[in-house]
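# Notes for the structure review
Residue-level listing of the chains:
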Amino acid sequence: MIVASRKPISDIKRVLARHDKVAFVGCGTCVTVCLAGGEREVGIAAYATRMARKIDGKPIEIEQVTIERQCENEFIEDLAPVAQRNQAIVSFGCGAGVQALAERFPEKPVYAGLNTQFLGILEEQAVWTEKCLGCGECVLSDFGGICPVTRCAKRMLNGPCGGSTEEACEVADPPRPCAWQLIYKRLQSIGQLENLERIFPPKNWAPSWHGGARTVIREEHRIAAPGKKSAAG
Amino acid sequence: MIAAQAQAQPAAAKGECKIIAFCCNYCAYTAADLAGARRMQYPPNVRIVHIPCTGKLEMDHVLAAFERGIDGVLVAGCLEGGCHFMEGNLRAKRRLEAIRDILEEIGLGRERLRMVNLSASMAPTFVQRVQEMIDTVTRMGPSPLRTPAPSAPERVGTGGLGPVVPGAGD
């Protein structure tokens, strides 16, 4: 899931300087699970922002609403009256959610309440780690389900580099486990150590974000006539 | 219900600081009760809110109290390791630390919120902590979020005898 963290209140206050009636919109999916932008977190941010503005002598009215997902039109439609009666929206969704709201309410400023960080999983209560950077050409099958592209600091496909100490990566700060150590142990436990004998060529980064912002189209599910140009860039 | 109680203002002379003390049922509230039974004197500027465990306290409750103009919040729970619900006080400690960071960031000051730990028999400690909190908050000054109290409505009528009802008892 997408993991994000709330921006400092001072940042949120700064972008709202010219407004006195705004809506804080939360998202009920990824950012609720990572405790950054759900209903409760929106409430806390609203309290803090109202207090900060009152101390500055410029009170602000904040309407709080959380929708199921900010990346789906069906849920965003419910926000139309909210957008109408407020001067601006602060979205507590991930970067995709913020942009989805901005596109659907083009006359309203839409600001970001979160810093979107990575695709990851919950390791233990309130601890999330990055697992996937979305490179577009998954090699997890060859490495026992541990991604060297994301979790090796040097992005090596033919590791290890030999610099690890006591299973920790030599360059990671804060310290992280050596991904190749984990890959070796895993391949050993599933009996696929021979995978490491294969030499991988340098990674082609074109399918990743490095090749430009990506679009995925699944023609078999489209409703428009086949071959018709899509509205997406 | 906690939110409703937190909205009530403690008794205090005009201009004096006001604090709320959220006290857990098993230790802090019992200690406060014991202080009362022993007729221990402490300032009336504190409103005690009885909660089942400090772990039940939501961050919203504390923030709402500050938004309504309370000058300080004291959260009193069991001694660490002695929480009736095992780790409620430990959860509260972390949540309150996050709120202290918010209070510092918005300019209210982190010292306006404090968590203390004590056991049910520690009535003198409870009194001492309340006094410390009042001293701290008095030193910091009233909360900039205080709303002025609504002015009392003017009395109408005949100089204290109440309105005259025509034809009644003449």
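### Describing the overall build of chain A
In terms of regular secondary structure, chain A is built from 8 helices and 7 strands. Taking 2.2 N^0.38 as the reference for a compact globule, 233 residues should give roughly 17 Å; the C-alpha atoms of chain A span a radius of gyration of 22 Å, well beyond that estimate. Across its three principal axes, chain A shows a C-alpha extent of roughly 65 × 50 × 25 Å. Each of the 233 residues in chain A was classed as buried or not, and the buried ones make up 29%. A fraction of 56% describes how many contacts in chain A between residues 6 or more apart in sequence connect residues 24 or more apart.

### Observations concerning the interface of chain B and chain A
Each side of the interface is counted separately: chain B has 13 residues, and chain A has 12 residues. Contributing elements (two or more residues each) for the side of chain B that touches chain A: α3 (59-67) and α4 (88-106) of chain B. Ranked by residue count, the leading element in the side of chain B that touches chain A is α3(B), at 6 residues. Within the side of chain B that touches chain A, the residues separate by chemical class into 9 nonpolar, 1 polar and 3 charged.

### Thoughts on the nonpolar core
Soluble globular proteins: nonpolar side chains tend toward being buried together. Counting 85 residues, the largest nonpolar core has Ile19(B), Ala21(B) and Cys23(B) as its most contacted members. Here this core gets 7 residues from one element, more than from any other, and that element is helix α3 (residues 39-55) of chain A. The residues contacting Ala21(B), other than those within four sequence positions of it, are Val46(B), Ile48(B), Val49(B), Leu74(B), Ala76(B) and Val130(B). Cys169(A), Ala179(A), Trp180(A) and Ile183(A) belong to the second-largest nonpolar core, a separate cluster that totals 10 residues.

### Concerning the pairing of strand β3 (residues 72-77) of chain B
All names here are of chain B. With respect to burial, β3 is a largely interior element, 6 of its 6 residues being buried. Taking every second residue as pointing to the same face, both faces of β3 are buried, with Gly72, Leu74 and Ala76 on one and Val73, Val75 and Gly77 on the other. Bridge analysis of strand β1 (residues 19-24) against β3 gives 5 bridges, and the strand direction is parallel. Within the sheet, the bridge partner assigned to Ile20 lies in β3 and is Val73. Relative to strand β4 (residues 113-117), β3 runs parallel, the two sharing 5 bridges. By the bridge assignment, Val73 is partnered in β4 with Leu113.

### Overview of the sheet that holds strand β2 (residues 46-51) of chain B
Residue and element names in this part refer to chain B. Spatial ordering of the open sheet is given by β2-β1-β3-β4, a layout of 4 strands whose pairing is parallel. Edge strands, defined here as strands with exactly one partner in the open sheet, are β2 and β4. Sheet twist, expressed as the average angle between the axes of neighbouring strands with direction ignored, equals 20 degrees. This element, helix α2 (residues 28-37), spans β1, β2 and β3 of the sheet and lies at about 115 degrees to β1.

### Points about the domain arrangement of chain A
When the parts of a complex come together, some accessible area is lost, and that lost area is often used as the size of the interface. Once the domains are mapped, chain A shows domain 1 (2-118) and domain 2 (135-233). Computed from C-alpha atoms alone, the centre-to-centre distance between domain 1 of chain A and domain 2 of chain A is 33 Å.

Criteria and cut-off values
Residues numbered from 1 in each chain as written. Chains lettered and ligands numbered in written order. Predicted model: local features only at pLDDT ≥ 70, side-chain atom pairs only at ≥ 80, totals over all residues. Helix = DSSP H or I, 4+ residues; strand = E, 2+ residues; numbered from the N terminus. Rg over C-alpha atoms; globule rule 2.2 N^0.38 Å. Buried ≥ 20, exposed ≤ 12 C-beta atoms within 10 Å, placed from the backbone. Contact = placed C-beta atoms within 7 Å. Nonpolar A, V, L, I, M, F, W, Y, C, P; charged D, E, K, R; others polar. Core = buried A, V, L, I, M, F, W, Y, C linked by C-beta atoms within 7 Å. Pairing = 2+ DSSP bridges. Axes fitted to C-alpha atoms, helices over the stretch in contact; angles between N-to-C directions. Domains from an automatic or database assignment.

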